[in-house]
Amino acid sequence: MSEALRFEILGPQRAWYADRPLDLGPGKQRAVLAVLLLAAGRPVPTGQIVDAVWPEEPPANGPNVVQKYVAGLRRVLEPDRSPRTPAQVLTLTDAGYVLRIPPEAVDAVRFERGVRRARQWQAAGRTEDALAEVTGALERWQGEPFTGFTGAYFDAARHRLVELRAVALETRTELELASGRHGELVGRLVELVAEFPVRERLRHQLMLALHRGGRQAEALAAYRDFADLLREEYGIEPGEALQDLHRRILRSDPTLTVPPVSPASPALPAPPAPSGPPASSAPSAPTSVPAPRAGGTPDGSGLPDGSTSAEPEAAAVPPTPAPTPDATGPAATPAPTPSATGPAPAAAPVPPAAPGRAAGPVPPAAPGPAAGPVGPLTPVPHALLVAMNQPADTPADRRAPGWARLAATLAGTATVLVSFGSLTWAVVLGYALWRRTWRLALAGIGYFLLVFSVFVLAVSSPETEEISDGEALYLIVAMGTCWLLGTAHVVLLNPTLWAAVGGLFWTGRRRTDEQRRLRREQARYLLHHYPAARVDLRIGRPDLLRTYDDGGLVDVNSVPDPVLATLPGLTVDQRRQVAVDRWLRGPYGSLEELAGRCHLPPAAAETLRDVLLFLPPEPPPVRHS
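Residues numbered from 1 in each chain as written. Predicted model: local features only at pLDDT ≥ 70, side-chain atom pairs only at ≥ 80, totals over all residues. Heavy atoms only, no water.

## Observations regarding the overall build of the protein chain
Helices and strands together make up the secondary structure of the protein chain, namely 22 helices and seven strands. Counting all 625 residues of the protein chain, 48% fall into the buried class. Considering only intrachain contacts with a sequence separation of at least 6, the fraction spanning at least 24 residues in the protein chain is 68%. Taken as a whole, the protein chain presents about 29600 Å² of accessible surface, with 60% of it coming from carbon and sulfur. (Helix = DSSP H or I, 4+ residues; strand = E, 2+ residues; numbered from the N terminus. Buried < 20%, exposed > 50% of the residue type's maximum accessible area, 1.4 Å probe, protein only. Contact = heavy atoms within 4.5 Å. Areas by Shrake-Rupley, 256 points an atom, 1.4 Å probe, with all protein chains shown as cover.)

## Some thoughts on unusual backbone geometry
The phi angle at Ala18 is positive, at roughly 60°, despite the residue not being glycine. Here Ala18 is to be found in the loop between strand 2 (14-17) and strand 3 (20-21). Positive phi is not limited to glycine here, since Phe420 has a value of about 55°. Topologically, Phe420 is positioned in the loop between helix 12 (402-418) and helix 13 (424-435).

## Examining the packing of aromatic side chains
Considering all chains together, one arrives at nine aromatic pairs under this definition. Ring centres of Tyr431 and Trp434 lie 5.8 Å apart, and the angle between their planes is 40°; on these two criteria the pair is classed as tilted. Remark: Trp434 and Tyr431 occur in helix 13; sequence separation between them is three residues, near one turn of the helix. Note on Tyr431: relative accessible area 6%, which makes it buried. Of the aromatic side chains, those joined through ring pairs into one cluster are Phe146, Phe149, Tyr153 and Phe154. Taking the ring centre of Tyr69 as reference, the NZ or CZ of Lys68 above it sits at 4.8 Å. (Phe/Tyr/Trp six-rings, centres within 6.5 Å; stacked < 30°, edge-to-face > 60°. Lys NZ or Arg CZ within 6 Å of the ring centre and 35° of its normal.)

## Observations regarding helix 2 (residues 46-53)
All of the buried residues in helix 2 are Ile49, Val50, Ala52 and Val53. Each buried residue of helix 2 lies within a common arc of 165° when the element is viewed along its axis, so the set occupies one face. Packing partners of the buried residues in helix 2 comprise helix 1 (27-38), helix 3 (62-77), strand 5 (96-99) and helix 6 (152-178). (Arc of directions from axis to C-beta.)

## With respect to the nonpolar core
If you look at the biggest cluster of nonpolar residues, it comprises 79 residues, and the most contacted ones within it are Phe7, Leu36, Ile49, Leu99, Ile101 and Phe111. Here the element with the most residues in this core is helix 6; it accounts for nine residues. Other than its neighbours up to four places away in sequence, Leu36 contacts Val44, Ile49, Leu73, Leu90, Tyr97 and Leu99. Judged by nonpolar contacts, the second largest core, of 21 residues, contains Val559, Tyr588, Ala604 and Phe614. (Core = buried A, V, L, I, M, F, W, Y, C linked by side-chain atoms within 4.5 Å.)

## Here's the deal with the pairing of strand 1 (residues 5-8)
Looking at chain direction, strand 1 and strand 2 are connected through four bridges and run antiparallel. In the sheet register, Arg6 faces strand 2, and the bridge partner there is Trp16. (Pairing = 2+ DSSP bridges.)

## Here's the deal with the pairing of strand 2
Two successive antiparallel strands, strand 1 and strand 2, enclose a turn made up of five residues, where Gly11 displays a positive phi of approximately 135°. Sheet analysis places strand 2 next to strand 3, joined by two bridges and oriented antiparallel. Bridging from a neighbouring strand, Trp16 pairs with Pro21 of strand 3. Hairpin connection from strand 2 to strand 3: two residues lie between these consecutive antiparallel strands, with Ala18 at a positive phi of about 60°.

## Digging into the confidence of the model for the protein chain
In the predicted model, the protein chain carries a mean pLDDT of 74, and 72% of its residues have values of at least 70. Under a pLDDT of 50 for its full length, residues 260-378 has, in the predicted model, 321 contacts with residues more than four places off or in other chains. Low pLDDT (under 50) marks residues 386-399, which in the prediction has 27 contacts with non-local residues, meaning those over four places away or in another chain. (pLDDT = per-residue confidence, 0-100.)

## Description of the environment of Val578
With respect to the element layout, Val578 can be found in helix 20 (residues 572-585). Here Val578 falls in the buried class, since its relative accessible area comes to 1%. Val578 sits 19 residues away from Arg597 along the chain, and the two C-alpha atoms are 8.5 Å apart. Not counting chain neighbours up to four residues away, the residues in contact with Val578 comprise Val556, Leu564, Leu570, Tyr588, Leu594 and Cys598.

## A closer look at the side chain of Thr487
By the element assignment, Thr487 lies in helix 15 (residues 469-492). Aside from chain neighbours lying at most four places away, what touches Thr487 is Thr413, Val416, Leu417 and Cys482.

## So, helix 9 (residues 216-234)
Helix length check: helix 9, at 19 residues, gives a terminal C-alpha distance of 27 Å against a target of 27 Å (1.5 Å per residue), a fit within 8%. Taken together, the buried positions of helix 9 are occupied by Ala219, Leu220, Ala222, Tyr223, Phe226, Ala227, Asp228, Leu230 and Arg231. Buried-residue contacts for helix 9 involve helix 8 (200-212) and helix 10 (240-250). Phi for Gly235, located one or two positions after helix 9, is positive at around 70°. (Expected span 1.5 Å × (residues − 1).)

## What about the pattern of salt bridges?
Should the charged atoms of two oppositely charged side chains come close, the side chains can pair. In total, this model carries 34 salt bridges according to the counting rule given. For Arg524, the salt bridge is made with Glu521, and the minimal N-O distance between the two is 3.3 Å. Note that Arg524 and Glu521 are positioned in helix 17 (residues 508-529) at a spacing of three residues, about one turn of the helix. Across the pair, Glu521 and Arg524 agree in class, each one buried. A salt bridge links Arg576 to Asp573; the nearest nitrogen and oxygen atoms lie 3.0 Å apart. Pair noted here: Arg576 and Asp573 are both in helix 20, with a separation of three residues, about one helical turn. Judged by its relative accessible area of 47%, Arg576 is partly exposed. The network of salt bridges with shared partners includes Glu163, Glu170, Glu174, Arg199 and Arg201. (Salt bridge = Lys/Arg side-chain N within 4 Å of Asp/Glu carboxyl O.)

## Remarks on the sheet that holds strand 2
The three strands lie next to each other as 1-2-3, forming an open sheet whose pairing is antiparallel. What marks the edges here is a single partner per strand, and that holds for strand 1 and strand 3.

## Quick notes on a nonpolar patch on the surface
A cluster of nonpolar side chains, contributed by Trp438, Leu442, Ile445, Phe448, Leu449, Phe452, Phe455, Val456 and Val459, occupies part of the molecular surface with about 910 Å² of accessible area. Mapped onto the secondary structure, Phe448 falls in helix 14 (residues 438-460). (Patch = residues over 30% accessible without salt bridge, like charges linked within 9 Å, V, L, I, M, F, W, Y side chains within 5 Å.)

## Some points on the side chain of Arg172
The residue Arg172 is located in helix 6 in this model. Buried Arg172, no salt bridge; nearest opposite-charge side chain is Glu176, N-O distance 4.6 Å. (Lys, Arg positive; Asp, Glu negative; His and termini not counted.)

## Comments concerning the packing of helix 7 (residues 186-195) against helix 8
With their axes 10 Å apart at the nearest point, helix 7 and helix 8 run at an angle of 155° to one another. Classified by the angle between their axes, helix 7 and helix 8 sit roughly antiparallel to one another. Taken as a pair, helix 7 and helix 8 cross one another with a handedness that is left-handed. Where helix 7 abuts helix 8, its residues Val186, Leu189, Val190, Leu192 and Val193 lie against Leu202, Arg203, Gln205, Leu206, Ala209 and Leu210. Its residues placed into classes, the contact of helix 7 with helix 8 shows nine nonpolar, one polar and one charged. (Axes fitted to C-alpha atoms, helices over the stretch in contact; angles between N-to-C directions. Parallel < 35°, antiparallel > 145°, perpendicular 65-115°, else oblique. Left-handed = near helix turned anticlockwise from the far one by under 90°. Nonpolar A, V, L, I, M, F, W, Y, C, P; charged D, E, K, R; others polar.)

This is the structure we're talking about:
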């Protein structure tokens, strides 16, 4: 019976028995089924079902209500079962209700497995197979999941599935870019950018597709629009990878052209399926890793992203046919990735991940000579370690050059001072039009209303009468606000001066947090370019003695359970669940996989994004007899 059942939750909730659609009943009964489908094959406690379906006002007799809806579902899912026969599909155990169906009966599971297989084809260099797999997986989407279901449980499940869809869309676009199909991508990327406006990886792909199509001006305009959005809405700058692509488009970098794709040169390395323990094999020593350079990957298509797994470029390839698991998730770490058809050419280094963002899949490398003789890993240069222990902030690109911003600040300040604040509103509104921000427009309107009120008060007062003390105080406060406060406001509209003033008020805690964040990014940079840093510096292993400060990174697949018990933002039960799940089902491939397997809410998962590494477990040492 259960083998003939099929369920859809990636859009309107539907079910079939063989080819016959099933009527799933009222909304609450559908919600109970959705909870069971999200944990198909695993017991779900009655209390969890009540909390998920009735998040705000649970019924007083919740277990009895759940039992009523379960009985209705049993009649729908097993219409031929007699009332006295025990249920076979939806059963009750000591741990809760279990929906006994194959995982493949749910379209969301088939979607996730399809994306996972596509990434395996990527790792093997089979670009067309990977593209067909991820396209087929995306075709399962029929709309937003769990429409009409409210509450934290369904919000978290919806957020996870939508995030996986966004990752799959980015992966498909990456594969199509690697195959030279940039001409047909622009229209679809414009729609995706409108749907996911703050995903940097999609913006990166749009700029790259426009540039490769000979539309350099539109690529630069796309960057300006995104930079304005981030500054005005979130007060941040685009990530380093996007800024690097912007600079390279400005100078017409020839390495941004599409590299040739051949079976012997994998178009887009990607990690294998993250579920289960990785294949263990004794890795051969790769060739020397090239020295880092400022250009990033040769074609500029590698982009760190906050929601995407990281597949670092292979530095060299061991002569074994089985792919070695690569690092995924927020930690951007390299590992040798073998090709399915033979040794791959040495890859170019990858730019470091942007602060606070996870690293995305690394794009194809430009063709180059085959890997040389096998030798030891390149050690981490001492000079580089010294330099990286001294964080240096790189000034972000601005919309206007520095001299123009300085001239605007001087002119605006002079206008406010000379007019005694009566023209402050005009200066602020001018900035609002220049930057296209409604917040400055509101401030300009506020200054205008103050000046207008002073004018009205002055005109309405008879010349023969003296103004009252209250009116005089109002005139002084209003004009003083427009003059003195307006002058300070105009000065601080200069982003350089604002950053300098803001630095004066940083507390010691905030400075320390910023330094630790920079340390973490530098440690990830080392792992990108110098795989030996993982062993030499013991990055992500706070349980081991070491001298290198990695800013508090934690390699979730390697640290012992006591370290997992210190993960921030999780409850004691959630930390225990992470440790038990890792022991039962093997290492994690990404933050999304960890959150899905351990049922972590999005807020708790986001607190871990900046500190977790997802490195494949080191193979056991080979014992020579």
